[in-house]
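# Structure at a glance
One letter stands for each residue in the lines below.
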Amino acid sequence: MSQPTTEVPARTPRPSGTRWPILVSFALMLSGCSSAAAIDVPAVTSSHSSSATTSLTTSYTSATALPNVVKPAPLTPPSGLGFSPTSTGISTATVDGGAVTLMWMDPHRLRFRFIPGYKWPEHSPTIKADHAPSTWTSTMLAAFNGGFKLSDNVGGYYYHGHTVANLRGGLGAFEVLKDGTLKVGVWGRDLILTPQTVAVRENLPPIVASGKSRTSPSDNVGTWGLALHHLWHVNRSALGERSDGSLIFEFGHHITPTTIAHYLVEAGVRDAVMLDMNETWPTGFIYRHNSSGIHGKRINPAIVKGPDLYLQRADKDFVVVSSRQK
């Protein structure tokens, strides 16, 4: 069954690196044997290696501030949804009667690191630090889940110089850079491969584009990923970027794609990418450190897995959030 064509409006390119606005249209085709709808969009060619079977030995190094560079002022969470002032650069707000929690993150105070799972994304290369949890747990302030399995055919994947699955123009994506910056946008319009790119994870078309929800009343149960048992109300997660560069991770308990997009727009998100779904995969944790060690808590009590999940390498990919001061 064919789906309605969705247009992604072009917007002004971001100042960091070369960007070009394009108008993208794409159609979603429901796949009966996949856990998500297949997408037919052109591949983005790259000069990087397509091999992903070799384990890399590159060490992970923390970015250091350049001398004589004025640090940007801390950002503040969006108003009107219940976010509290924060000294860490992370604030949460729970809405929709407790079903949805939004986690706001200030990129001026935080840095981000992508960790591939030992099972998924399939055939992922690794670096030495991916096998050493102490390289992220010692400074971890928050963490959240990545995207679908690559076998669901909903987007490409790039990691440390290797294109594991072709990146496709017009899809929603998040990109992690060497300095710990994380950006969210539409691949080929806002985001492209540069020498600074460490990881790119695509996952379906953008669920929010240019500040507007891309969901539609004509969406079917597979438009935004086909859940187990073809359920419509399932646990879902997404990641969005606001116009000031701050990021919003969203976890929703037994919600529809329309609901997840609605609250991202309410939080002022400009562009957003769907992440994982189904009962156990969506996660979101906040961590604190004291003399007795690291202690984590769920951002929403409906999250099934516990915060200890990311104290080691997990079976699926995830994103670690740390302080830029560390």
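No experiment lies behind these values; they were computed from the predicted model shown. (Residues numbered from 1 in each chain as written. Predicted model: local features only at pLDDT ≥ 70, side-chain atom pairs only at ≥ 80, totals over all residues. Heavy atoms only, no water.)

## Notes on the sheet that holds strand S8 (residues 140–145)
How we decide: Strand pairing is assigned whenever DSSP identifies at least 2 bridges connecting the two strands. Helix and strand definitions follow DSSP, with helices as H or I runs of at least four residues and strands as E runs of at least two, each counted in order from the N terminus. Fitted lines through C-alpha atoms serve as axes, helices being fitted only where they are in contact, and the angles separating the N-to-C directions of these axes extend from 0 to 180 degrees.
One open sheet holds the five strands; their spatial order is S7-S21-S8-S19-S20, and the pairing between them is antiparallel. The open sheet has two edge strands, strand S7 (110–115) and strand S20 (293–298), and neither has a second partner. Across the sheet, the axes of successive neighbouring strands diverge by a mean angle of 25 degrees, strand direction being ignored.

## A look at the packing of aromatic side chains
What characterises a pair of aromatic rings is the spacing of the ring centres plus the angle enclosed by the ring planes. Which entries qualify depends on this criterion: Aromatic contacts are taken between Phe, Tyr and Trp rings whose centres are within 6.5 Å, Trp giving its six-membered ring; a plane angle under 30 degrees counts as stacked, one over 60 as edge-to-face, and the others as tilted. Each residue is placed in one exposure class: buried if its accessible area under a 1.4 Å probe, protein chains only, is under 20% of its type's maximum, exposed if it is over 50%, and partly exposed if it falls in between. Two limits define a charge over a ring: the Lys NZ or Arg CZ must be within 6 Å of the ring centre, and within 35 degrees of the ring normal.
In total, this model carries 10 aromatic pairs according to the counting rule given. Between the aromatic rings of Trp-136 and Phe-318, the centroid separation amounts to 5.9 Å while the plane-to-plane angle is 70 degrees, which identifies the pairing as edge-to-face. Taken together, the residues Trp-136 in helix H1 (residues 134–137) and Phe-318 in strand S21 (residues 318–323) connect sequence positions 182 residues apart. Trp-136 sits in the buried class, given a relative accessible area of 1%. An angle of 25 degrees between the planes, with centres 4.8 Å apart, marks the rings of Phe-144 and Phe-249 as stacked. With Phe-144 in strand S8 and Phe-249 in strand S17 (residues 247–255), this pair connects stretches of sequence that are 105 residues apart. Comparing Phe-144 with Phe-249, the two get one shared label, buried. These aromatic residues form a ring-pair network of at least three members: Trp-136, Phe-285, Tyr-287, Tyr-310 and Phe-318. Residue placement shows Arg-201 over the ring face of Tyr-157; its charged tip is 5.8 Å from the ring centre. Its end group placed over the ring of Trp-281, Lys-316 keeps NZ or CZ at 4.1 Å from the ring centre.

## Description of the sheet that holds strand S10 (residues 162–165)
Pairing is antiparallel in the open sheet, where five strands are placed in the order S10-S9-S13-S11-S12. Strands with a single pairing partner mark the edges of an open sheet, and in this sheet they are S10 and strand S12 (182–186). In this sheet, adjacent strand axes meet at a mean angle of 20 degrees when their direction is disregarded. Across three bridges, strand S9 (residues 157–159) lies against strand S13 (residues 197–202) in antiparallel orientation. Its bridge partner lying in S13, Tyr-159 is registered against Ala-199.

## Concerning the pattern of salt bridges
So the rule is basically this: Salt bridge, as used here, is a side-chain nitrogen of Lys or Arg placed within 4 Å of a carboxyl oxygen of Asp or Glu.
Taken as a whole, this structure holds nine salt bridges when the rule is applied. For Arg-189, the salt bridge is made with Asp-190, and the minimal N-O distance between the two is 2.9 Å. In this structure Arg-189 comes out as buried when scored by relative accessible area, which is 1%. Residue classification places Asp-190 among the buried positions, given a relative accessible area of 1%. Note that Arg-270 is salt-bridged to Glu-241, the shortest N-O span being 3.3 Å. Separated by 29 residues along the polypeptide, Arg-270 in strand S18 (residues 269–277) and Glu-241 in strand S16 (residues 234–242) bring together distant segments of the chain. Among the ionic contacts, a cluster of salt bridges with common partners joins Arg-189, Asp-190, Glu-241, Arg-270 and Asp-271.

## Quick look at the pairing of S10
As defined by bridge partners, S9 adjoins S10 across three bridges and the pair is classed as antiparallel. Its bridge partner lying in S10, Tyr-157 is registered against Ala-165. Hairpin connection from S9 to S10: two residues lie between these consecutive antiparallel strands, with His-160 at a positive phi of about 45 degrees.

## Points about the nonpolar core
Worth spelling out the cut-off: By nonpolar core is meant a set of buried Ala, Val, Leu, Ile, Met, Phe, Trp, Tyr and Cys residues that side-chain atoms within 4.5 Å join together. Only heavy atoms enter the contact rule, under which two residues are in contact if any of them lie within 4.5 Å.
Within the largest apolar cluster, 42 residues are counted, with the highest numbers of intra-cluster contacts made by Met-105, Phe-144, Phe-174, Leu-182, Leu-239 and Phe-249. The element that contributes the greatest number of residues to this core is S8, accounting for five residues. With residues near it in sequence (within four places) discarded, Leu-239 still touches Met-105, Phe-144, Phe-174, Leu-182, Val-184, Ile-248, Phe-249, Asp-271, Ala-272, Val-273 and Leu-275. Membership of the second largest hydrophobic core comes to 29 residues, among which are Leu-75, Val-95, Ala-227 and Met-277.

## Points about unusual backbone geometry
Of the consecutive residues Trp-120 and Pro-121, the connecting peptide bond is found in the cis state with omega at 0 degrees. Mapped onto the elements, Pro-121 comes out in the loop between S7 and H1. Non-glycine residue Leu-204 carries a positive phi angle of around 70 degrees. Positionally, Leu-204 belongs in the loop between S13 and strand S14 (208–209). Its identity as a non-glycine residue notwithstanding, His-254 has a phi of 55 degrees, on the positive side. Its place among the elements puts His-254 in strand S17. When its relative accessible area of 37% is taken as the criterion, His-254 is described as partly exposed.

## Structural notes on helix H2 (residues 257–266)
Operational definition: Comment: arc refers to directions from the helix axis out to C-beta atoms.
Looking at H2, one finds that the buried residues are Pro-257, Ile-260, Ala-261, Tyr-263 and Leu-264. The arc that holds every buried residue of H2, seen down its axis, measures 165 degrees, which confines them to one face. Just beyond H2, the residue with positive phi is Gly-268, at close to 80 degrees.

## What to know about the side chain of Thr-137
Relative to the assigned elements, Thr-137 resides in helix H1. The exposure class of Thr-137 is buried, given its relative accessible area of 15%. When near neighbours in sequence (up to four residues on either side) are disregarded, Thr-137 contacts His-289, Ile-294, Tyr-310 and Leu-311.

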